[in-house]
Each structure stands twice: as C-alpha cells, then as structure tokens.
Amino acid sequence: MNDFQTILLEGICYLGDKAYPDSKGRTEPGFFDLLVQSSGGAVSVYDTLRPLVGRQVQLAVHHVPSMPIDVHRWGGGACHWEPYGRCPFGHHTTPTRMFNEAGSGVLAYDLDHETSTGGWWLEQFDGTRLMLPLAHALPGHRSRVAAATLFAVDAMRDALAGQGLDSVESLGNRATDLRDMLEQARRMVREDT
Ligand SMILES: [Zn+2]
C-alpha cells in the first residue's frame, strides 16, 4: 500500500529548459518544468508533487531567507534576482514580501497550454481554493516545498524533526513570522539612516 507519502524539497528553484506536459499530455514550447537545486542535484517539483494529485494533503510552500536572515536583501536573502534589479515575484517593489502558502485539502493540477490557464491548487475542506502560483513565485528563489498525505502527518513530523523543523503547519506560520520580522527590521534600518 502506498497511502503514506511525504515530500520535502528545499533549494533554489528555477525553470528547466524542457517543456512540461499539460494535463492532457501536450507539450508546448514556453511551459517549462520547475526544478529545485538541492544537495542531491536537480529535482522536478512538478514530478515530485504529481503522485499527490487527488490526495488529501497538508502542504506548505514558501520562500526560505538566508540564515541568519539578511534584512538588507530582497526576501531576506531568498531572492536571487536582486543583482538583476528586477524580480518576477515583485521583490524590487516590495523587498519584504515572502511567498508563503500553507493549507490542507485535495491537491489539484490542471495545466492547459492552449488557454495558458491552470496550475496547482488545493481544494480546501471549507470549499475554497488555495491557488499555488509556483511557476510565478518560486523561480530564482530559495524555497521549500513540504507536503504530506494527511495520514502521513506523523511520519512527516519525524522527517522534519530530523532537519530541526517542526510540522508542515508550522512551516507556514514560521514563514509569516519571518516576513513580519523582516518588515520590522527594515523599518528600524530606515529610521536609523
Ligand atoms: Zn524575488
């Protein structure tokens, strides 16, 4: 039985050079795979998430700032677009912004190359959709993607504990704390100068 699944990816994300098939299996130029460069090499975020499509999961996706957090850099150091002066996620206008989505629900994927719509989202248990604009938010940023099928939450807690982390749920909370801290710190820096 393959009921318990966990995912934990962390590293700098970037778009691959290979076109990624949409939900109908069509590949079109311009729609690229999303990869994460981790210690073990490049891993496809989409390929990693796909086995969880249609499953009830707890999931957190967020930017990971440098440690210790660097308040002078975009996204606390998570953003690698800063030397280029422009970030597709918008760090050049809001440097303290951190991508941070977390929730529980059924993971869904519906990419349609013909209409350029769709992507990844969670059908949450309250009936709302939590959209996950991964291809927009993650490329060029140090990021973490953590997910566990709901029955595997205990196993995930063990996996995260091995990395000095808490739970999938708390990853989202922690990312919000980091953003608040970053905003506060930058306000202080501005007042000093
Ligand atoms: Zn950025």
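This structure is a prediction, so every number in the text was calculated from the model and none was measured.

### A look at the overall build of the protein chain
Then, in step 1: A tally of regular secondary structure across the protein chain gives four helices and eight strands.
Then, in step 2: Going from N to C terminus, the protein chain has its helices and strands arranged as β-β-β-α-β-β-β-β-α-β-α-α.
Then, in step 3: Counting the 193 residues in the protein chain, one finds 34% classified as buried.
Then, in step 4: Here the contacts in the protein chain between residues at least 6 apart in sequence split such that 62% fall between residues at least 24 apart.

### Things to note about the nonpolar core
Burial of nonpolar side chains together is a common tendency in soluble globular proteins.
Then, in step 1: Of all hydrophobic cores here, the largest spans 40 residues; its most connected members are V45, L59, L134, A146, A147 and V168.
Then, in step 2: A total of five residues in this core trace back to one element, the largest contributor, which is helix α4 (residues 168-192).

### A few points about the pairing of strand β3 (residues 41-44)
Then, in step 1: Of the strand pairs in this sheet, strand β2 (residues 32-38) and β3 are connected by four bridges, and their pairing is antiparallel. Note that in β3 the partner of L35 across the bridge is S44.
Then, in step 2: The antiparallel hairpin formed by β2 and β3 contains two residues in its connecting segment.

### Examining the pairing of strand β4 (residues 56-63)
The side chains of a regular strand alternate between both faces of the sheet.
Then, in step 1: Here β4 lies mainly inside the structure; seven of its eight residues are buried.
Then, in step 2: For β4 and strand β8 (residues 142-149), the ladder comprises seven bridges, and the chain directions are antiparallel. Paired with Q58 across the two strands is A148, which belongs to β8.

### Considering the environment of L8
Then, in step 1: Looking at the secondary structure, you find L8 in strand β1 (residues 6-19).
Then, in step 2: On a C-alpha basis, the gap between L8 and A147 in space is 6.7 Å, while along the polypeptide they are 139 residues apart.
Then, in step 3: Ignoring sequence-local partners within four residues, the contact set of L8 consists of A146 and A159.

### What about the environment of D154?
Then, in step 1: With respect to the secondary-structure elements, D154 resides in helix α3 (residues 153-161).
Then, in step 2: On the basis of neighbour counts, which here come to 10 C-beta atoms within 10 Å, the residue D154 falls in the exposed class.
Then, in step 3: With 150 residues separating them along the chain, D154 and F4 place their C-alpha atoms 9.8 Å apart.

Conventions adopted
Residues numbered from 1 in each chain as written. Predicted model: local features only at pLDDT ≥ 70, side-chain atom pairs only at ≥ 80, totals over all residues. Helix = DSSP H or I, 4+ residues; strand = E, 2+ residues; numbered from the N terminus. Buried ≥ 20, exposed ≤ 12 C-beta atoms within 10 Å, placed from the backbone. Contact = placed C-beta atoms within 7 Å. Core = buried A, V, L, I, M, F, W, Y, C linked by C-beta atoms within 7 Å. Pairing = 2+ DSSP bridges.

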